[in-house]
Amino acid sequence: MNRSKKILISGAVVIFIALFSIFLFNIFFQKNIPDDLSSGIAEEPDPAIEECKILDDPKERAQCEDGGIDAWISDKHNFAIKSGDPDNCNVIPDEEKHDLCVLAVALDLSNESICDRIHSEGVKGQCAYQFIINEKDFFKCNSLTKDIDREFCYSAAIQEARDSGGSLCPSLSGTDRDFCWQIHYTIDAVEQNDYDVCGKILTESGKTYCLNVMPPDSDKDKISDTAEITQYGTDPNNADTDGDGLTDGEEIRIYKTSALLRDTDNDGFSDFEEVESKNNPLR
Ligand SMILES: [Ca+2]
Ligand SMILES: [Ca+2]
Ligand SMILES: [Ca+2]
Ligand SMILES: [Ca+2]
């Protein structure tokens, strides 16, 4: 084989290897390249639109695919309420969402009999419960089976009477009356953020209930732990932070003196001494 033939063959081999490498590289690259690089933007299916597939009616499905399933359901709710017809909820295939749609119509029309069209027992109970709460009738609350529901119901009835400037409690008797005052004063205590209001409740269990509803006050100085830490800088575990004989609660709530200084006005007499001797501890 002469020299020029050798060069020709080596050249052909080099070209072959180069072309084969490009071929292999292409196969590898096509396989491993992420979809979104090889075909532009990724086509991830939108789950909200995927869910629209459960709808048989092509018109509804198209409407659903427009904004997703949640927007579609919300549209159906609004339409059912606007039309005042719970049958318009029937287009919603998901049982619970259908039921909630019917519940919304029942409440909007204040028509309790519509609750009967709800399929699931859970939502049906919720519908009836809502009507009892809305009636704000102390005695009807008794028909609720869960303690927490009954309490909420009583509170709604008592609050209603308070809002119209009166109190429901004097019209009741026996344990109903005691319970009514317990709720009434607990609402007052929370509203006024005043632990003393709980003391107006006659039964011991009622007082405890009220104090449990109020925010925790570990040292019982009538300032909540949170307020001591974040608002006043006093010790939540010491009723008299500055040790002057007046509790943190008395200083902050009654005498407006500093709960951190024994002698707020720095006149040589402690806050306690001035309060005892009826002098002004502030000047
Ligand atoms: Ca406290
Ligand atoms: Ca304290
Ligand atoms: Ca003090
Ligand atoms: Ca003083």
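Our structure is the block above this text.
Residues numbered from 1 in each chain as written. Chains lettered and ligands numbered in written order. Predicted model: local features only at pLDDT ≥ 70, side-chain atom pairs only at ≥ 80, totals over all residues.

Novice: Describe the overall build of the protein, naming the residues involved and giving the relevant values.
Specialist: Within the protein, the secondary structure is distributed over 13 helices and zero strands. Across the protein, helices and strands are ordered from the amino to the carboxyl terminus as α-α-α-α-α-α-α-α-α-α-α-α-α. Taking all 283 residues of the protein together, the buried fraction comes to 24%. The long-range share in the protein, meaning contacts at least 24 apart out of those at least 6 apart in sequence, stands at 26%. (Helix = DSSP H or I, 4+ residues; strand = E, 2+ residues; numbered from the N terminus. Buried ≥ 20, exposed ≤ 12 C-beta atoms within 10 Å, placed from the backbone. Contact = placed C-beta atoms within 7 Å.)

Novice: An account of the packing of helix α9 (residues 174-192) against helix α10 (residues 204-213) is requested, with residue identities and associated values reported.
Specialist: Orientation of α9 relative to α10, taken along the N-to-C sense of each, is 30°, at an axis distance of 9 Å. Here α10 runs roughly parallel to α9, going by the angle between their axes. Classified by chirality, the crossing of α10 by α9 is right-handed. Contacts from Asp178, Gln182, Tyr185, Thr186, Ala189 and Val190 of α9 reach α10 at Gly206, Tyr209, Cys210 and Val213. Its residues placed into classes, the contact of α9 with α10 shows six nonpolar, three polar and one charged. (Axes fitted to C-alpha atoms, helices over the stretch in contact; angles between N-to-C directions. Parallel < 35°, antiparallel > 145°, perpendicular 65-115°, else oblique. Left-handed = near helix turned anticlockwise from the far one by under 90°. Nonpolar A, V, L, I, M, F, W, Y, C, P; charged D, E, K, R; others polar.)

Novice: Would you mind going over helix α5 (residues 69-83) in detail, with residue names and values included?
Specialist: For α5, built from 15 residues, the straight-helix expectation of 21 Å at 1.5 Å per residue is met to within 8% by its first-to-last C-alpha distance of 21 Å. Of the surrounding secondary structure, the elements contacted by the buried residues of α5 are α3 (47-50), α4 (58-67) and α6 (95-109). Backbone geometry just after α5 places glycine 84 at a positive phi near 65°. (Expected span 1.5 Å × (residues − 1).)

Novice: Could you give an account of the environment of alanine 259, naming the residues involved and the relevant values?
Specialist: Counting through the fold element by element, alanine 259 comes out in the loop between α12 (248-255) and α13 (271-276). Sequence separation between alanine 259 and aspartate 271 is 12 residues, and the spatial gap between their C-alpha atoms is 9.4 Å. Once residues lying within four places of it in the same chain are set aside, the contact partners of alanine 259 are Tyr232, Thr234, Thr241, Asp242, Asp248, Glu251 and Ile252.

Novice: I'd like to hear about the nonpolar core, residue by residue, with values.
Specialist: Here is a general trend for soluble globular proteins: nonpolar side chains tend to be buried in one another's company. Counting residues in hydrophobic clusters, the biggest one holds 18 residues, and the most contacted among them are Cys141, Tyr154, Ala157, Ile158, Cys180, Tyr185 and Cys198. Of all the secondary-structure elements, those providing two or more residues to this core are α8 (147-163) and α9. Counting residues per element, this core draws most heavily on α9, which supplies six residues. Beyond its immediate chain neighbours, meaning those up to four positions away, isoleucine 158 contacts Leu168, Cys180, Ile183, His184 and Ile187. Core analysis: the second largest hydrophobic core is formed by 16 residues, Ile73, Ala80, Cys89 and Val102 among them. (Core = buried A, V, L, I, M, F, W, Y, C linked by C-beta atoms within 7 Å.)

Novice: Report on the packing of α8 against α9, specifying residues and quantitative values.
Specialist: For the pair α8 and α9, interaxial distance at closest approach is 10 Å and the crossing angle is 65°. It follows from the interaxial angle that α8 and α9 lie roughly perpendicular. α8 and α9 meet at a crossing whose hand is right-handed. Residues Tyr154, Ser155, Ile158, Gln159 and Arg162 of α8 touch α9, and the partners they reach there are Cys180, Ile183, His184 and Ile187. Per-class residue counts for the contact of α8 with α9 are five nonpolar, three polar and one charged.

Novice: Go over α9 with me, naming the residues and quoting the values.
Specialist: Residues spaced three or four apart along an α-helix point in a common direction, a consequence of the helix completing one turn every 3.6 residues. Here α9 contains 19 residues, and its C-alpha end-to-end distance of 27 Å stays within 8% of the 27 Å for a straight helix at 1.5 Å per residue. What α9 keeps buried is the set Phe179, Cys180, Trp181, Gln182, Ile183, His184, Tyr185, Thr186 and Ala189. In the segment just after α9, asparagine 193 is the residue with positive phi, at about 50°.

Purely geometric numbers; function is a separate question.
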